[in-house]
Amino acid sequence: MSSTVSTAGEAGARSAFTAAGSPPVLRVEHLEVTYYTDLGRAKALDDVTFSLEAGQKLGMVGESGSGKSTMALAMMRMIKPPGRIEAGKVTVGTTELMGLSEEQMRKARLSEIAYIPQGAMNSLNPVIRIGAQMVDAIRSHLPNEPRRAIEERCTHALRSVDLDPGVFRMYAHELSGGMKQRVCIAIGILLQPKVIIADEPTSALDVVTQRQVMETIDRVQDEINAAVILIGHDMGLMAQFVDRVAVMYAGRLVEVSTVREMFTEPKHPYAQALISSLPNLENKGVFQGIPGLAPSLLRLPSGCAFHPRCGKMMDMCRTARPDTRMLSSGRTITCHLYNDEA
Ligand code: SF4
């Protein structure tokens, strides 16, 4: 049974993000990832389904270990043993990634779907000029492209992220943290992918630089009309920059809604707890945490995985796994409280 829009079925899965009616550029269907460790089997991604249109921005939030980064890696087919993609499809445009050969998938990365990993700016090679690293990325996809065309592509990408083309000749140590992060975004858009996944793109940056980086992502998204998935913890930044928010808990998407719905009327008890833990003028900075700890994926609670921490738990929550239901166009929820509303 599907975890997200299971009761609405496949057609519902496709319409989950397509209120405007345009076809999604990204479709993730029933994606499942398991890690086989010495301590047991950990289901890190449990039947995840969602879709995204060109030009949309989805914020993916949840506590550490909820499966956000695993989802990004699975979409890129970059899960390493002992992890394994057990099931699911990821379709970008008309290309279904799980069915591609390794070589086809290598080409699809960067040209169809780009991933800017957490801490990407620290992975820039310190002894190779930025330009050479950008040229390498293009050459691995377009080996016959003339040098001049490649350099023009790099210059354009650097300008798109508001960097001087002179950065092409610089080394990573000559750049600030924000500039390095923008170089990583420039590399991500070199081949104009349809989907960009940015994993914690603003971590380790000061607040002013965070804002600049988010504005840069906004601008490049407009330029190439990509769908963007932003993974992060900072709900404040999400509120300002994304169109939709997806909340993950223990490997499942528990609520997906517009950013306005999420911040004004969250439905899932975990989403409600996340929102009420944010500081605001009324609570005068008194923090309200979420009771308990996120569960170990090796020993997930039965029924609803959130039930030991949920203030609205019912008897059935201990034993019955909630299905995901569509409440309204584009809004899905995984909680027994809404069984009748769906
Ligand atoms: Fe709480 Fe039950 Fe809903 Fe889970 S299914 S979030 S335990 S009310």
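Residues numbered from 1 in each chain as written. Predicted model: local features only at pLDDT ≥ 70, side-chain atom pairs only at ≥ 80, totals over all residues. Heavy atoms only, no water.

## Points about the sheet that holds strand β1 (residues 26-37)
Whenever strands of a sheet pair, they do so through backbone hydrogen bonds, lying parallel or antiparallel. Taking strand neighbours across the sheet as the criterion, the four strands line up as β2-β1-β4-β5 in an open arrangement whose pairing is antiparallel. In the strand order of this sheet, the two ends are held by β2 (40-52) and β5 (95-96), each with one partner. With eight bridges connecting them, β1 and strand β4 (residues 83-92) associate as antiparallel partners. Each bridged residue has a counterpart across the sheet, and for Y35 the counterpart in β4 is G83. (Pairing = 2+ DSSP bridges. Helix = DSSP H or I, 4+ residues; strand = E, 2+ residues; numbered from the N terminus.)

## Re the domain arrangement of the chain
Structurally, the chain comprises domain 1 (10-112 + 193-338) and domain 2 (121-192). Measuring from the centre of the C-alpha atoms in domain 1 to the corresponding centre in domain 2 gives 29 Å. Contacts between the two partners involve 21 residues from domain 1 and, on the opposite side, 18 residues from domain 2. Taking both sides of the interface into account, the surface hidden between domain 1 and domain 2 amounts to around 1500 Å²; carbon and sulfur atoms contribute 63%. Considering only the surface of domain 1 that becomes buried against domain 2, L110, V220 and E223 emerge as the three largest contributors, covering 30% of it. The interface formed by domain 1 and domain 2 holds one salt bridge in total. Between R219 and D162 there is a salt bridge, with the nearest N and O atoms lying 3.6 Å from each other. Put simply, domain 1 and domain 2 have seven residue pairs in polar contact (both at pLDDT 80 or more) between them. (Domains from an automatic or database assignment. Contact = heavy atoms within 4.5 Å. Buried area = accessible area lost by both parts, 1.4 Å probe. Salt bridge = Lys/Arg side-chain N within 4 Å of Asp/Glu carboxyl O. Polar contact = N/O pair within 3.5 Å; in protein donor to acceptor, adjacent residues only side chain to side chain.)

## Some details on the packing of helix α4 (residues 130-139) against helix α5 (residues 147-160)
In the contact formed by α4 and α5, the axes pass within 10 Å of each other and the chain directions differ by 115°. Taken as a pair, α4 and α5 cross one another with a handedness that is right-handed. Each of M134, V135, I138 and R139 in α4 lies in contact with α5, whose residues at this interface are R147, I150, R153, C154, A157 and L158. Residue composition of the contact of α4 with α5, grouped by class: seven nonpolar, no polar and three charged. (Axes fitted to C-alpha atoms, helices over the stretch in contact; angles between N-to-C directions. Left-handed = near helix turned anticlockwise from the far one by under 90°. Nonpolar A, V, L, I, M, F, W, Y, C, P; charged D, E, K, R; others polar.)

## As for the packing of helix α6 (residues 177-188) against helix α7 (residues 207-224)
At a closest axis distance of 10 Å, the pairing of α6 and α7 adopts a crossing angle of 20°. Between α6 and α7, the crossing angle belongs to the class labelled roughly parallel. Relative to α7, the crossing made by α6 is right-handed. Residues G178, Q181, R182 and I185 of α6 lie in contact with α7, whose contacting residues are T209, Q212, V213, T216, I217 and V220. (Parallel < 35°, antiparallel > 145°, perpendicular 65-115°, else oblique.)

## Details of the pairing of strand β6 (residues 113-116)
Taking every second residue as pointing to the same face, both faces of β6 are buried, with I113 and Y115 on one and A114 and I116 on the other. Of the pairings in the sheet, the one linking β6 to strand β7 (residues 195-199) comprises four bridges and is parallel in character. The residue bridging A114 from the neighbouring strand is I196, located in β7. (Buried < 20%, exposed > 50% of the residue type's maximum accessible area, 1.4 Å probe, protein only.)

## Section: the site of the ligand
In the vicinity of the ligand, the contacting residues are H268, P269, C304, F306, H307, C310, K312, C317, C335, H336 and L337. Considering only residue class, the shell around the ligand consists of seven nonpolar, three polar and one charged. (Near = heavy atom within 4 Å.)

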